[in-house]
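# Summary of structural features
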Amino acid sequence: MLDGIEALLALERTGTISEAAAQLRLTQSAVSKRIQSLENELKFKLIEPHGRRVKLTSKGLSFLNKARWLMSELKNLKQLETDNESRKFSIGVSDSVAASWGPKLIRLAARKLKNAEFEIHVHRSTLVEENVKLGKYHLGLCITTSHDPQMVSTTILEEPLVLLTSPHDTELEKPKLITIEKNSGSWRDLEEKILKHPKLKNYELLHVESFAAIVQMVREGFGHGLVPLGIAQTMQMPKKNILILSPNIRRHIKLISRKNISQLPVIEEFQKQMQALASEL
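Keep in mind the model is a prediction, meaning the values are calculated, not measured. (Residues numbered from 1 in each chain as written. Predicted model: local features only at pLDDT ≥ 70, side-chain atom pairs only at ≥ 80, totals over all residues. Heavy atoms only, no water.)

## A word on the pattern of salt bridges
Note the cut-off: The term salt bridge refers to a pairing of a side-chain nitrogen on Lys or Arg with a carboxyl oxygen on Asp or Glu at a separation within 4 Å. Only DSSP runs of H or I reaching four residues or more are called helices, and only runs of E reaching two or more are called strands; each is numbered from the N terminus. In this scheme, a residue with accessible area under 20% of its type's maximum is buried, one over 50% is exposed, and one in between is partly exposed, where area comes from a 1.4 Å probe on protein chains only.
Inspection of every chain in the model, using the stated rule, returns 12 salt bridges. For Asp-148, the salt bridge identified is with Lys-133, shortest N-O distance 4.0 Å. Taken together, the residues Asp-148 in the loop between β5 (139-143) and β6 (151-164) and Lys-133 in helix α7 (residues 125-133) connect sequence positions 15 residues apart. Classification of Lys-133 as buried rests on a relative accessible area of 17%. A salt bridge links Glu-192 to Lys-196; its shortest N-O distance comes to 3.1 Å. Taken together, the positions of Glu-192 and Lys-196, both in helix α8 (residues 185-196) and four residues apart, correspond to about one turn of that helix. Overall, the relative accessible area of 55% leaves Glu-192 in the exposed class. Salt bridges sharing partners connect three or more residues here, namely Glu-6, Arg-34 and Lys-136.

Shown next as structure tokens:
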């Protein structure tokens, strides 16, 4: 049943079997089978067609709202050792954070603790957040706009987005700005600020799925780009092609966890170390 609920959660987020399969790193057939198996067990339909997409039925939505926290608690019971003695933790990290300063920050913060180990898992922010909610990971380092009362989130770093200017002359009639896809945590967090920014509002937007891809496309003259400063620096974009925006657009990178995890002394200390070290990075 847990696999079926996980598939249903992914489908709720994405609206299509193909996108749900991509998030879960499964085949479309596997996702369909998990949901079908869950429907057979529950004896009612969980999803229904909605144009070219699918949506949860009213019974499906009611079931999922009741099931998500029960499932989370079950997974917590499996993963956690005795609360105050647990020294091995899993942390989901947003892919763009993991591709820049994230691993170094986690390593340096962990070194300040006694015998604590952190196993990193990399996903998009939306999937990191879901996995923490479900108890698959103890912690998450990602962008989130959630106000879930069962979750605790603390801002670790406010990372500026920068405008990358192409080193090649572009012959486009209207300037093109390559930015992150609309389903990403960064876009959801910053959409309004990006669209209204005086230096960005006149661009034609092109959305792609990877900040790293944006840098490479800018290098080859496919347009200008909008990426986190850490990505621009890690991928060694020339300083002359990095423009710090004014006013700043900053994405809030947060450390998230369920309440029972956040209250562990080792996690409280880990959080403090991350905040202190992030300002130095």
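On we go from here.
## Observations concerning the nonpolar core
Inside soluble globular proteins, nonpolar side chains tend to come together where they are buried. Heads up, the rule is: Within this scheme, the nonpolar core is defined by two criteria: the residues are buried Ala, Val, Leu, Ile, Met, Phe, Trp, Tyr or Cys, and they are joined through side-chain atoms within 4.5 Å.
In terms of nonpolar packing, the biggest core is built from 28 residues, with Ile-91, Phe-118, Leu-141, Phe-270 and Met-274 touching the most fellow members. Every element with two or more residues in this core is listed here: β3 (88-94), α5 (95-98), α6 (102-111), β5, β11 (250-258) and α12 (265-280). Broken down by element, this core gets its largest block of residues, six residues, from α12. Leu-163, Leu-226, Ile-242 and Leu-245 belong to the second-largest nonpolar core, a separate cluster that totals 26 residues.

## Regarding the domain arrangement of the protein chain
Put simply, the rule reads: Residue ranges assigned to the domains are those given by an automatic or database domain assignment. Contacts between residues were defined by any pair of non-hydrogen atoms, one from each residue, lying within 4.5 Å. Buried area adds together the accessible area that both of two parts lose upon being put together, with accessible area traced by a 1.4 Å probe.
Each assigned domain of the protein chain is listed with its residue range as follows: domain 1 (1-79), domain 2 (87-158 + 253-279) and domain 3 (159-250). A C-alpha centroid distance of 26 Å is found between domain 2 and domain 3. On the side of domain 3, 14 residues touch domain 2, which itself brings 12 residues to the contact. For the pair domain 2 and domain 3, the two sides together bury roughly 1,000 Å², of which 55% comes from carbon and sulfur. Among the residues domain 2 hides against domain 3, the three largest losses belong to Arg-124, Ile-143 and Glu-158. Together they make up 43% of the total. Seen at the junction of domain 2 and domain 3, the total is two salt bridges.

## Quick look at the pairing of strand β8 (residues 204-208)
Definition in use: Should DSSP find at least two bridges between two strands, the strands are regarded as paired. Call a crossover right-handed when, viewed with both strands pointing away from you, the route from the first strand across the helix to the second goes clockwise.
Relative to β8, strand β7 (residues 176-180) is paired through five bridges, and the arrangement is parallel. Directly across from Ile-178, in β8, lies its bridge partner Leu-206. Handedness of the crossover is the feature at issue here: the chain leaves β7, passes through α8, returns alongside β8, and the resulting connection is right-handed.

## With respect to the packing of helix α1 (residues 2-14) against helix α3 (residues 28-42)
Quick reminder of the rule: Between N-to-C directions, angles cover 0 to 180 degrees, with each direction set by a line fitted to C-alpha atoms, over the stretch in contact for helices. If you view the pair so one helix is near and one far, a crossing is left-handed when the near helix is turned anticlockwise from the far one by less than a right angle, and right-handed when it is turned clockwise. Nonpolar residues are Ala, Val, Leu, Ile, Met, Phe, Trp, Tyr, Cys and Pro. Charged residues are Asp, Glu, Lys and Arg, and all others, Gly as well, are polar.
One can describe the packing of α1 onto α3 by two numbers: an axis separation of 8 Å at closest approach and a directional angle of 115 degrees. Note that α1 runs across α3; the crossing there is left-handed. Where α1 approaches α3, its residues Asp-3, Gly-4, Ile-5, Glu-6, Ala-7, Leu-8 and Leu-11 are matched on the opposing element by Val-31, Arg-34, Ile-35 and Leu-38. Split by residue class, the contact of α1 with α3 holds seven nonpolar, one polar and three charged.

## A closer look at the UniProt feature "domain: HTH lysR-type" (unreviewed entry) in the protein chain
Inclusion rule: UniProt positions are given in the numbering used here, feature names are shortened, and annotations may be inferred rather than shown by experiment.
UniProt marks residues 1-57 with the feature "domain: HTH lysR-type" (unreviewed entry), using the numbering shown here. In residues 1-57, the share of helix is 63% and the share of strand is 14%. The end C-alpha atoms are 18 Å apart.

## Here we look at the packing of α1 against helix α2 (residues 17-24)
Two packed helices can be described by the angle between their axes and the distance between those axes. Our working rule: Roughly parallel here means an angle under 35 degrees, roughly antiparallel means over 145, roughly perpendicular means 65 to 115, and every remaining angle is called oblique.
In contact at an axis separation of 8 Å, α1 and α2 are set at 120 degrees when each is read in the N-to-C sense. As summarised for this structure, α1 and α2 are arranged oblique, according to the angle between their axes. For α1 against α2, the interelement crossing comes out right-handed. In this structure, α1 contributes Glu-6, Ala-7, Ala-10, Leu-11, Arg-13 and Thr-14 to the contact, and α2 contributes Ile-17, Glu-19, Ala-20, Gln-23 and Leu-24.

## What to know about the environment of Thr-14
The criterion, for reference: Polar contact is defined as a pair of N or O atoms within 3.5 Å, subject to the rule that within protein one atom must be able to donate a hydrogen and the other to accept it, and that residues adjacent in sequence are counted only when both atoms are side-chain atoms.
As for its placement among the helices and strands, Thr-14 is situated in helix α1. Exposure remark for Thr-14: the relative accessible area of 6% places this residue in the buried category. Separated by 255 residues in the primary sequence, Thr-14 and Glu-269 have C-alpha atoms spaced 35 Å apart. Apart from residues lying up to four places away in sequence, Thr-14 is in contact with Glu-19, Ala-20, Gln-23 and Arg-53. Polar contacts involving the side chain of Thr-14 include one to the main-chain carbonyl oxygen of Ala-10, which spans 3.0 Å. Engagement of the side chain of Thr-14 in a polar contact is seen with the backbone nitrogen of Ala-20, the distance being 3.4 Å.

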